[in-house]
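# Per-entry structural report
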Amino acid sequence: MSASSSMVDWEVAASLGARLAGDGPAVSAGEAAAVVAELRAGAERSTGLVRDYTGLVAQERTAPVLVVDRAGWVRANTQGFQAIIDPLVTKLSEKKGPPTGLAKAIGSRVTGAEIGLVLGFLGSKVLGQFDPFFEPDGRLLLVAPNIVTVERELQADPTDFRLWVCLHEETHRVQFTAVPWMREHLFSEVRALSESVEPAKLTEDVINRLVDSLKGGGASLAEVMATPEQRAILDRVTGMMSLLEGHADVVMDGVGPSVIPSVASIRKKFNRRRQGVGSLDKILRRLLGLEAKMAQYRDGAAFVRAVVDKAGMEQFNAVFAAADNLPDKAEISDPDRWMSRVLG
């Protein structure tokens with residue numbers, strides 16, 4: 001049992017999240033099998049396309065590609081949340097002992113239900129995700145029902161849209177497997193955050209605020225982790241994630257025209273869809289931090305394009321040579337500053 005299970009009933013979170021996410025669009029068994037096969041083939045094909053465009057050579061399928069339903073995505077992300085929260089809960093338990101009795105049982109179920117609500121919403125939206133917390137090397141998740149839903153909404157060519165999604169998500173798998181230190185670096189930053197919290201100052205309120213941050217309500221993660229050291233770590237992580245998201249967007253649009261006939265139409269419709277969500281959806285996205293996620297795509301892509309335009313792809317790839325070469329949050333907004341520091 002994970003340390004955080006004393007505060008969050010992860011089974012409640014997973015089961016409620018799966019129910020709320022639903023099954024997705026109605027498809028026949030034959031159509032479902034065809035979608036799964038095409039997504040697997042698209043991910044396989046994308047490996048070489050990403051390599052040829054970026055120069056990054058992924059290890060041979062050390063991180064598996066899994067085509068999942070919404071429930072599978074929800075469960076995978078409860079595991080990821082556990083990995084983030086467990087170190088702090090372990091520290092708290094060592095300090096004052098784990099919660100017990102009725103309060104523990106009720107509180108953990110309530111918190112599990114709240115996280116389940118968030119995962120249920122996200123589980124109906126996410127097209128794909130690289131999950132770095134899966135041992136030993138992570139895993140790539142492609143959420144088939146959501147991909148089918150969006151391609152129908154956009155009236156996109158299904159084969160083109162599926163390969164377009166695979167290009168973006170496979171770029172993330174390549175980033176973490178072609179750059180062996182990347183995954184451990186992310187874990188080291190997570191560990192650094194937990195280690196930066198002094199046991200004497202660690203209270204159950206801090207854990208609850210962190211859980212609230214993951215749920216999308218209350219304080220932001222930056223407000224929970226309030227010391228200068230913690231803010232510096234978060235700035236590094238923000239820079240790293242913006243780079244990875246923007247890089248994937250640049251790759252999918254750079255490779256797309258040569259292999260996806262309708263890529264220009266897909267991108268135009270997809271961007272319009274991002275902007276055209278309803279007011280309730282916009283509120284939820286803001287609460288869940290998805291507006292910041294969209295900024296990561298935009299700012300990270302602008303950074304990558306600026307460096308590649310000025311220095312070329314080979315020089316840009318210096319960003320993957322060592323952890324010290326990653327841009328921080330400030331450098332993402334100032335590519336020249338990063339080039340001066342890293343490229344000289």
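Above this text sits the structure in question.
So, here's what we can say about the structure. (Residues numbered from 1 in each chain as written. Predicted model: local features only at pLDDT ≥ 70, side-chain atom pairs only at ≥ 80, totals over all residues. Heavy atoms only, no water.)

### Quick look at helix H6 (residues 158-178)
Stated precisely, the cut-off is as follows: Per the convention used, a helix needs a DSSP run of H or I reaching at least four residues, while a strand needs a run of E reaching at least two, with both numbered from the N terminus. Here a helix's expected span is defined as the number of its residues, less one, multiplied by 1.5 Å. Pairing of N or O atoms within 3.5 Å defines a polar contact, subject to two protein rules: one partner must be a possible hydrogen donor and the other a possible acceptor, and residues neighboring in sequence count only if both atoms are side-chain atoms.
Here H6 spans 29 Å end to end across 21 residues, near enough to the 30 Å set by a 1.5 Å rise per residue. Capping the start of H6, aspartate 157 holds a side-chain oxygen 3.1 Å from the backbone nitrogen of threonine 159, two or three residues further along.

### A word on the pattern of salt bridges
Side-chain pairs of opposite charge can arise whenever the charged atoms involved come near each other. The following threshold applies: A carboxyl oxygen of Asp or Glu within 4 Å of a side-chain nitrogen of Lys or Arg is what we treat as a salt bridge. Note on exposure labels: buried denotes an accessible area under 20% of the residue type's maximum, exposed denotes more than 50%, and partly exposed covers the range between, all computed with a 1.4 Å probe on protein chains only.
Within this structure, the stated rule accounts for 16 salt bridges. Between glutamate 331 and arginine 341 there is a salt bridge, and its shortest N-O distance comes to 2.7 Å. Of the two residues, glutamate 331 sits in helix H15 (residues 329-332) while arginine 341 sits in helix H16 (residues 335-342), which places them 10 residues apart along the sequence. Its relative accessible area of 42% is what places arginine 341 among the partly exposed residues. Via salt bridges that share partners, Asp249, Asp253, Arg267 and Arg305 belong to a single interconnected network.

### Here's the deal with the environment of methionine 7
Note on placement: methionine 7 falls in the segment before helix H1 (10-21). The buried category is assigned to methionine 7, whose relative accessible area is 10%. It is 10.0 Å that separates the C-alpha atoms of methionine 7 and aspartate 86, two residues lying 79 residues apart in sequence.

### Things to note about the packing of aromatic side chains
Filter applied, for reference: Any two rings among Phe, Tyr and Trp, with Trp reduced to its six-membered ring, count as a pair given centres within 6.5 Å; such a pair is stacked if its planes are under 30 degrees apart, edge-to-face if over 60, and tilted if neither.
Tallied over the entire structure, the rule returns 7 aromatic pairs. On the numbers, 5.2 Å between centres and 75° between planes, the contact of tryptophan 164 with phenylalanine 270 is edge-to-face. Taken as a pair, tryptophan 164 in helix H6 and phenylalanine 270 in helix H11 (residues 263-275) lie far apart in primary sequence, 106 residues in all. Accessibility assignment for this pair places tryptophan 164 and phenylalanine 270 in one class, buried. Each ring, one from phenylalanine 316 and one from phenylalanine 320, has its centre 6.0 Å from the other, and the planes form 90°; the classification is edge-to-face. Taken as a pair, phenylalanine 316 and phenylalanine 320 share a single burial class, namely buried. By way of ring pairs, the aromatic residues Phe161, Trp164 and Phe270 are connected into one cluster.

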